[in-house]
Amino acid sequence: MKGSWTKAQIVDETIRVKGQPDEHFEVVVTRHGPVVARDRDKAYAMRWTATEPGGLANTYNWLGRAKNWKNFAKS
């Protein structure tokens, strides 16, 4: 709700490493995005429009069709 506080969520992320145990770390996610930096009592979340509904609709479809660097650079 606009103007009110929303509690952040803590998400357990797993990174699988070949030949080693999985790495686990906690990511704090706010309504604005994941917390990417902290400075004393402040936390900074990164908002990315691509994660919003329709954020990537028809934006990067051409990327998957590029067969080489020349095709990619022309797009």
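Residues numbered from 1 in each chain as written. Predicted model: local features only at pLDDT ≥ 70, side-chain atom pairs only at ≥ 80, totals over all residues. Heavy atoms only, no water.

Novice: Would you mind going over the overall build of the protein chain with me for this structure?
Specialist: Scanning the protein chain for helices and strands turns up 1 helix and 4 strands. Listed by position from the N terminus, the elements making up the protein chain come as β-β-β-β-α. Compactness check: the protein chain gives a C-alpha radius of gyration of 18 Å against a globular reference of 11 Å for 75 residues, more than 25% above the reference. Taken over the C-alpha atoms alone, the protein chain extends approximately 45 × 45 × 20 Å along its principal axes. Expressed as a percentage of the 75 residues in the protein chain, the buried residues total 5%. If you take every contact in the protein chain between residues at least 6 apart in sequence, the share linking residues at least 24 apart comes to 5%. About 7,300 Å² of surface is accessible on the protein chain, with carbon and sulfur atoms providing 54% of the total. When the 13 positive and 8 negative side-chain charges of the protein chain are each reduced to one mean point, those points stand 13 Å apart. (Helix = DSSP H or I, 4+ residues; strand = E, 2+ residues; numbered from the N terminus. Rg over C-alpha atoms; globule rule 2.2 N^0.38 Å. Buried < 20%, exposed > 50% of the residue type's maximum accessible area, 1.4 Å probe, protein only. Contact = heavy atoms within 4.5 Å. Areas by Shrake-Rupley, 256 points an atom, 1.4 Å probe, with all protein chains shown as cover. Lys, Arg positive; Asp, Glu negative; His and termini not counted. Charge placed at Lys NZ, Arg CZ, Asp CG, Glu CD.)

Novice: Teacher, can you tell me more about unusual backbone geometry here?
Specialist: A negative phi angle is the norm for most residues apart from glycine, just as the trans form is the norm for most peptide bonds. Residue Arg40 is not a glycine yet carries a positive backbone phi of 55°. Its place among the elements puts Arg40 in the loop between strand 3 (33-39) and strand 4 (42-45).

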